[in-house]
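Spelled out from the first residue to the last, the chains are:
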Amino acid sequence: MAVFATLPRSLKFRMTGVVVMLVLTATATVTLMALLLAEQDMKSVIGDQQYAVLASTASQVDAQLTARKVLLASLADTMPLSAGDSPAAMQDFVAHHPVARKEFVNLHIFNQHGDLLHTEGDNATALMPLPPRARDFLEKVFAQGEAVITPPYKSEITGQPSVMILQPVRDGHGKVAMLLGGSIDLVNSDFIRQIAAQKPGKTGFVFIMTQDGTLLLHPDHRRLLENINARPGYNRATEMALDGFQGWTEATNKAGSEGIYSYKRLQSTDWILGSRFPVDEAFAPMIEMRRHAVLAAALFAGIAGLMAWLAIQMLLRPLGRLHRNIADIRTGSAGIDVLPRGRRDEIGELGAAFYELMAEREEAQKVIRDSETFISNVLERAPDAFVSCENTGIVTKWNAAAERTFGWTAKEAIGRDIADLIIPEDRRYAHRAGMLNFSRGVPGPMIDARIRVMAVHKDGHGIPIELSIGALRHDGNYYATAFLHDVTDRVLYEQQIAASEKRLRTIADSVPALIAYIDRERRYRFSNEHFRHLMGIDPQSMLGKTVAEVSGQAFADSVAHLSEAALRGQRVHYEREGLRNGKPCQMMGDLVPDIAADGSVTGFYLMALDITERKNAELLQAASEKRLKLLTDNLPVLIAYLDHKRQFLFLNATFQQWFGIDPQTLIGRHLVEGIGDDHYATAEPHLDLAYHGHNATYELKATIGDCLHTLETTFVPEIAADGQVVGIYSLTHDTTRMKEIEERLKQLARIDTLTGIANRLMFEEILQLAILRARRNRKPLALAYLDIDHFKEINDTRGHGAGDIVLKEFASRLLACVRASDTVARLAGDEFVIVFEQVASIEEAARLAAKIVEAMRVPFSLAGLPRHVTTSIGVALHEGDEEATEQLVARADSALYTAKRNGRDGYAIAD
């Protein structure tokens, strides 16, 4: 409305302004709504496209990292242990693998002494010691025995931010002998540049950060290795990504610039791939379209305003003539005959009505001028409805307040009997009798009195009013004047108070507790029905009596200190023993002071409950909980209970015994605070499964005391009657000893108990793996099948004890003759096999067999006496992908028999 007040007073100008504003508003609203919907759709399309590109890039990164891991694993399988002894050996190894040299900035070897041997360009440098922090990390990798990607670091060799893939290199016994590492430059690496080239738009960019927020890729190279939150400010999208979010969202960066952020986690490592697309660039076309739309809407509204002005100018021309005619009548320059009455439209009707009104006004004006002046002076000061009647009851004045109160307009009321307007039908006879006495000059009891009566509204509903009637004598006649005040709201309020008191009484009588109000003299002013039920006292008989009169002086004295505290303005809560129908009971009560507006205490409210059953239940529950806690605290199991927020509600004493953690300090805290981030990351998927109503069990390693233990945890959901999971029981057992026994049994099943070398089971596993490596590396292998010549004679002449000595010495000499990459196994009796890996030719296999034959010719010692022992060997070279393990063993066995036929103490090569 304030806008219209600023327009010119001309109706034409106002109507034109309204049309322009309506057209402009409608056009702008439709246009902006359409643009808003288009922007929302465009945001979704851009966000989905950006996330799709990012997901594709993430797959490429995973593929790149996986390929480099596979490449390092292949190098580790072919790396001789001697490569870690000197720079020359490492340089020779690297020279044979140019592909790996291209894929990594540097290749490194870490030995178990914590020394680093690395390449710089095409050269290998001498051993260099590592700092303590790096040593600690390498020790964990040695212990873990699996390939890992290191956290980002600044390379001391290149000076650039880098990461490294570490691949264990194992010796012939499967133990990790050293670590082969390949470093990746986070600034100059080709595949990092490929990722950076995937940026969205012209000003967007792609970045990579770790799970803890360390930046690995960023267009500002100064921020590499810096935490993404190192700079002040808050970015909602970043925090969402660090908490596990994947997808796209719109957020404001720390500089206040809005952008579309997309995040994708890599599967091969804990890296998070992200991209930012500035909103200003993404929605530049929509911003330009919005500006054009606003200009178009303004132009359209201006044209519509001009057309509206011309139309209104034409339509309101007759109204202008009427306005001029009325002005002429007001100034006296023309009579009412100039008013247009012949037009058959609203203006003609308006002119005719105005003509009739002016005519009636001129006729009545002379009659009512004096009366109107008198009544107007009275009504100017009337705060309520005012009605004036003749002594016959005919209404002569009816003010605006009377119109609002009774619904009759002044035009409808004046000239009618007041009884027909507002007097209830059953009171009209008495009213008319009173008016008759009034006309005779008898004022009656209602004159100059203020009374409450019921009146009637025009629509028939009753109205409670306060009535003040006065009598006036004017021109020899009596007039009744009345001020009528509508007290409907007051009556409703009084009724509400009465109803509220009734409801409160009903509620108080229905509550199973003693409820009372006691004043400063300790007298009951209110008491509910429960006094009858609990104490056998009629509550009505208590009113006006003191506490001592109702319950006895002894009781009043025992609670006097409570009453005095309440009357001092203190809220009192108590529990005490009482009597219920003559029997002991436990009572709990509250005394609430009633404080007046001036701060004085006028009394207090009392509410007391019989809590005997609850007290008994609490005692039983406490005893039960004590027994349960004693049981759980003495079990060698970690027992805990988590609520739906994953917060501890119970922990047994085993937490103190195992980890030195006071269970009470964890009550109400989140599970992650009790077990740490690493263990929580392991437990979380199993915990999620439990919160979906399924039992879940998992294992993890944890340090108890100074030892590493294997712990098995089971989550058992507590399911409510409605099927909802309200909490989780966690049971953790120490399975370290059982795991050690299992591993020992597995190991014993694969080792020959007499000689300590591999048995047939381990041989079959190793041969299968060796053939696979030979196929992958394109390096052949050889299998030697050998036994001890005339071993049965040794057993028969010297006994089985002597035979066992020969077998153990024979196995020991075999181990001394083979390489670290070869495997020696005993099949049964005096039958042995050797798997020679990476044998270049038949000639090399023959040299290895000859070396073993020669080693056995040195006399054995049996009971202090020398014993000549020889061996026969059959050697078969693996013929390629088509030959199975069984065929290879059969060919070697056949070659063994050829060697025996050739006179023993020698070897034969299979065809």
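In the block above lies the structure referred to throughout.
Analysis parameters
- Residues numbered from 1 in each chain as written.
- Predicted model: local features only at pLDDT ≥ 70, side-chain atom pairs only at ≥ 80, totals over all residues.
- Heavy atoms only, no water.
- Pairing = 2+ DSSP bridges.
- Helix = DSSP H or I, 4+ residues; strand = E, 2+ residues; numbered from the N terminus.
- Axes fitted to C-alpha atoms, helices over the stretch in contact; angles between N-to-C directions.
- Expected span 1.5 Å × (residues − 1).
- Contact = heavy atoms within 4.5 Å.
- Salt bridge = Lys/Arg side-chain N within 4 Å of Asp/Glu carboxyl O.
- Buried < 20%, exposed > 50% of the residue type's maximum accessible area, 1.4 Å probe, protein only.
- Phe/Tyr/Trp six-rings, centres within 6.5 Å; stacked < 30°, edge-to-face > 60°.
- Lys NZ or Arg CZ within 6 Å of the ring centre and 35° of its normal.
- Patch = residues over 30% accessible without salt bridge, like charges linked within 9 Å, V, L, I, M, F, W, Y side chains within 5 Å.
- Areas by Shrake-Rupley, 256 points an atom, 1.4 Å probe, with all protein chains shown as cover.
- Polar contact = N/O pair within 3.5 Å; in protein donor to acceptor, adjacent residues only side chain to side chain.
- Parallel < 35°, antiparallel > 145°, perpendicular 65-115°, else oblique.
- Nonpolar A, V, L, I, M, F, W, Y, C, P; charged D, E, K, R; others polar.

J.: Explain the sheet that holds strand E11 (residues 247-252) to me, using residue names and the numbers behind them.
T.: Within the open sheet, the five strands sit side by side as E10-E9-E13-E12-E11. Their pairing is antiparallel. Looking at the sheet topology across the chains shown, the edges are occupied by strand E10 (215-217) and E11. Pairwise comparison of adjacent strand axes, ignoring direction, gives a mean angle of 30° for this sheet. Pairing between strand E9 (residues 205-209) and E10: two bridges, direction antiparallel. Bridge pairing in E10 links Met209 to Leu215.

J.: Give me helix H29 (residues 842-856): which residues, what numbers.
T.: With 15 residues, H29 ought to run about 21 Å at 1.5 Å a step, and its terminal C-alpha atoms sit 22 Å apart, in line with that. Those residues of H29 that are buried are in contact with strand E29 (782-788), helix H28 (800-817), strand E31 (831-836), strand E32 (860-862), strand E34 (871-877) and strand E35 (906-909).

J.: Please set out the pattern of salt bridges residue by residue, giving values where relevant.
T.: Here the structure, examined in full by the defined rule, presents 26 salt bridges. Of the charged contacts in the structure, one is a salt bridge between Arg826 and Asp752, with a shortest N-O distance of 3.3 Å. With Arg826 in strand E30 (residues 823-828) and Asp752 in the loop between helix H25 (736-748) and helix H26 (760-777), the pair connects residues that are 74 residues apart, well separated along the chain. Of the residues examined, Arg826 reaches a relative accessible area of 13% and is grouped as buried. A residue is classified by how much of its surface remains accessible, and Asp752, at 12% relative accessible area, is buried. The shortest N-O distance in the salt bridge between Asp789 and Lys900 comes to 3.7 Å. Within this pair, whereas Asp789 is found in the loop between E29 and helix H27 (791-798), its partner Lys900 is found in helix H30 (residues 885-901), the two being separated by 111 residues in sequence. As far as the burial class goes, Asp789 and Lys900 line up, both buried. Ionic contacts of the salt-bridge type, sharing partners, join the residues Asp220, Arg222, Arg223, Glu226 and Arg231 into one network.

J.: So what's going on with the pairing of strand E8 (residues 176-185)? Which residues, and what values?
T.: Of all 10 residues that make up E8, nine are buried, and the element is covered over most of its length. Across six bridges, strand E1 (residues 106-111) lies against E8 in antiparallel orientation. Each residue of the ladder has a partner; that of Leu107, found in E8, is Gly182.

J.: Can you break down the environment of Leu215 residue by residue, with the values?
T.: Position of Leu215 relative to the elements: it lies in strand E10. Take Leu215: its relative accessible area is 0%, and that puts it in the buried class. In this structure the C-alpha to C-alpha distance between Leu215 and Asn229, which are 14 residues apart in sequence, comes to 9.9 Å. Not counting residues within four places of it along the chain, the set of residues in contact with Leu215 comprises Phe207, Ile208, Met209, Arg223, Leu224, Leu225, Glu226 and Ile228.

J.: How would you summarise the packing of aromatic side chains if you had to cite specific residues and measurements?
T.: For the structure shown, the criterion picks out 10 aromatic pairs. These aromatic residues form a ring-pair network of at least three members: Phe205, Phe207, Tyr261 and Tyr263. We note Arg813 situated over the ring of Phe860; from NZ or CZ to the ring centre the distance is 4.0 Å.

J.: Account for the sheet that holds strand E26 (residues 696-704), with residues named and values stated.
T.: If you walk across this open sheet you meet the five strands as E25-E24-E28-E27-E26, and the pairing is antiparallel. Lying at the two open borders of the sheet, with one neighbouring strand each, are strand E25 (648-651) and E26. If you compare each strand with its neighbour and ignore which way they point, the axes differ by 25° on average. Summarising the sheet, E26 and strand E27 (residues 707-719) pair through nine bridges and their orientation is antiparallel. Pairing of Ile704 across the sheet is with Cys707, part of E27.

J.: Talk me through unusual backbone geometry; I want residue IDs and the actual numbers.
T.: Unlike most non-glycine residues, Arg646 shows phi in positive territory, near 65°. Here Arg646 lies in the loop between strand E24 (638-643) and E25. Judged by its relative accessible area of 16%, Arg646 falls in the buried class. Positive phi values are uncommon outside glycine, yet Gln838 reaches one of about 55°. By the secondary structure assignment, Gln838 is in the loop between E31 and H29.

J.: Please give an account of a nonpolar patch on the surface that cites residues and values.
T.: A contiguous nonpolar surface patch, about 330 Å² in accessible area, is contributed by Leu299, Ile303 and Met307. On the secondary structure map, Met307 appears in helix H9 (residues 284-315).

J.: Go over the side chain of Thr713 with me, naming the residues and quoting the values.
T.: Mapped onto the secondary structure, Thr713 falls in strand E27. Overall, the relative accessible area of 5% leaves Thr713 in the buried class. Only 3.0 Å separates the side chain of Thr713 from the side chain of Thr732, close enough to count as a polar contact. The contacts of Thr713, once residues within four sequence positions are left out, are Ala696, Thr697, Tyr698, Ser730, Leu731 and Thr732.

J.: Can you break down the packing of H26 against H30 residue by residue, with the values?
T.: Viewed as axis vectors pointing N to C, H26 and H30 meet at an angle of 110°, and their least axial separation amounts to 10 Å. Classed by the angle they form, the pair H26 and H30 counts as roughly perpendicular. Here H26 contributes Phe763, Leu767, Gln768 and Ile771 to the contact with H30, which in turn contributes Thr885, Leu888 and Val889. The class makeup of the residues in the contact of H26 with H30 is five nonpolar, two polar and no charged.

J.: Run through helix H21 (residues 560-567), naming residues and quoting values.
T.: Every α-helical turn comprises 3.6 residues, leaving residues that sit three or four positions apart pointing alike. All of the buried residues in H21 are Leu562, Ser563, Ala565, Ala566 and Leu567. Gly569 lies just past H21 and shows a positive phi near 100°.

Any functional reading would require information that these geometric values do not contain.
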